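This is what each chain is made of:
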Amino acid sequence: MLTNAAEWGDFMRRRSAAALTALAALTATLATGCGSDDEPDPLRNQQWALNALKLPDAWSTAEGDDTVIAVVDTGVDLDHPDLKGRLVDGYDFVDGDDEPRDLNGHGTHVAGIAAAHTDNGIGIAGGAGGAKIMPVRVLGADGSGSDANITKGIVWAAQHGADVINLSLGESGLMARLLKGGVLNDAISAANSKGAVVVAAAGNDSTLLQPYELETPVLVVNAADANGQPASFTNFGARNAVAAPGVDILSTLPTYTSKETLRNTSGYGKLSGTSMASPYVSAVAALLHQEGLSPAEIMAAIRDTARNPTQNPKLGLGNVDAAAAVKAAAAQN
């Protein structure tokens, strides 16, 4: 989604009044223990995106077991109760150590969408409850990062066993420079050659563009709202892109003070952006990986089963249908 402070600041200013009101309400709700004690995940009823993607129907077949999703981002809250135990070793390219702690909040939110604990009696349900998260920190506390760290992070993740690599990074500013220079395209191709599926956010500038070289093996994700319509902010136009929920998405946030938790350290909150849509598709990719599909087969299954009955170009090939994709994968086995 957003790769530097200016991009994130511009986006949040456009949503500031509504976002702060919603955040205040959500914080109060969470503080009083929202959700029934009988719910396996008490905040599950706020996760409209899971049903929109038909993920519960897919979970009866696969939950992403034996799959590692690398979150190449701002790091992760390594002690978050809904993520702890779901993490494998990662790396911090910002500080040059093996403790990729999230000082921003964005990466923690992305990680929870992809694979938070499911049916554990707290918080939310992740899209791929059987998968593991590999936190790879390439962006600092302000959301910015260097060309070298982002590309190194992608390649490192593939070399260290990532089956799916999620890039919730924007396609303007820093990322535009990376793409124009071909560096990111090369890193994605290298990761794919190692057997990783690379899933990338389309960006949030409401812009028509083809962000990657056409031969780059990447699955670009646009954002949709709760009605299955394109989000107002989503970029579109990438060849063979798909769409997934990206508006008012509830997920994990750091339980300590960070850029995204200045007003809310409950551990959960809502954000909007293609950054939120991308990890949902990464979760679906994890389910398909469990079914034994290759990276090319995973991308094909997701694309071939996406639904766009009105042929809205901003949805690309259409909204992802996890149940249909898993059913198609099972038919191949």
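Let me begin by describing the structure that accompanies this report. Predicted model only: the values in this text are computed from it and were never measured.

1. Details of the packing of aromatic side chains
Turning to step 1, where the next piece is worked out: Applying the stated criterion across every chain, the model contains 3 aromatic pairs.
Turning to step 2, where the next piece is worked out: Each ring, one from Tyr 91 and one from Trp 156, has its centre 5.9 Å from the other, and the planes form 35°; the classification is tilted. Here the residue Tyr 91 occupies a position in strand E2 (residues 91-92), and Trp 156 occupies one in helix H5 (residues 147-159), the gap between them amounting to 65 residues.
Turning to step 3, where the next piece is worked out: A relative accessible area of 24% means that Tyr 91 is categorised as partly exposed.
Turning to step 4, where the next piece is worked out: Exposure remark for Trp 156: the relative accessible area of 16% places this residue in the buried category.
Turning to step 5, where the next piece is worked out: Ring geometry for Phe 93 and Trp 156: centres 6.4 Å apart, planes at 80°, overall edge-to-face.

2. Observations regarding the sheet that holds strand E6 (residues 219-224)
Turning to step 1, where the next piece is worked out: Spatial strand order, E2-E3-E1-E4-E5-E6-E7: 7 strands in an open sheet with parallel pairing. Here the strands that pair on one side only, and so sit at the sheet edges, are E2 and strand E7 (242-245).
Turning to step 2, where the next piece is worked out: As paired strands, strand E5 (residues 197-201) and E6 are joined by 3 bridges and run parallel to one another. Looking at the pairing, Ala 201 lines up with Val 221 of E6.
Turning to step 3, where the next piece is worked out: Relative to strand E1 (residues 68-73), helix H4 (residues 106-115) is tilted by about 160°, and along the sheet it contacts E1, strand E3 (132-137) and strand E4 (164-167).

Criteria and cut-off values
- Each chain has its residues counted from 1, following the order in which its sequence is written.
- Where totals are concerned, whole chains, interfaces and linings use all residues; where local detail is concerned, this predicted model gives features only for residues with pLDDT of at least 70, and gives and counts side-chain atom pairs only at 80 or more.
- Side-chain numbers come from the whole structure's heavy atoms, not from hydrogens or water.
- Two rings from Phe, Tyr or Trp (for Trp, the six-membered ring) form a pair when their centres sit within 6.5 Å of each other. Planes less than 30 degrees apart are called stacked, planes more than 60 degrees apart edge-to-face, and all others tilted.
- Each helix corresponds to a stretch of at least 4 residues labelled H or I by DSSP, and each strand to a stretch of at least 2 residues labelled E; elements are numbered beginning at the N terminus.
- Between buried and exposed lies partly exposed: a residue is buried under 20% and exposed over 50% of the maximum accessible area for its type, with that area taken using a 1.4 Å probe on protein chains only.
- At least two bridges found by DSSP between two strands is the condition for calling them paired.
- For this analysis, residues touch if any pair of their heavy atoms sits within 4.5 Å.
- Only the contacting stretch of a helix is used when fitting its axis, a line to C-alpha atoms as for every element, and angles between N-to-C directions run 0 to 180 degrees.

Keep in mind these numbers describe shape, not what the thing actually does.
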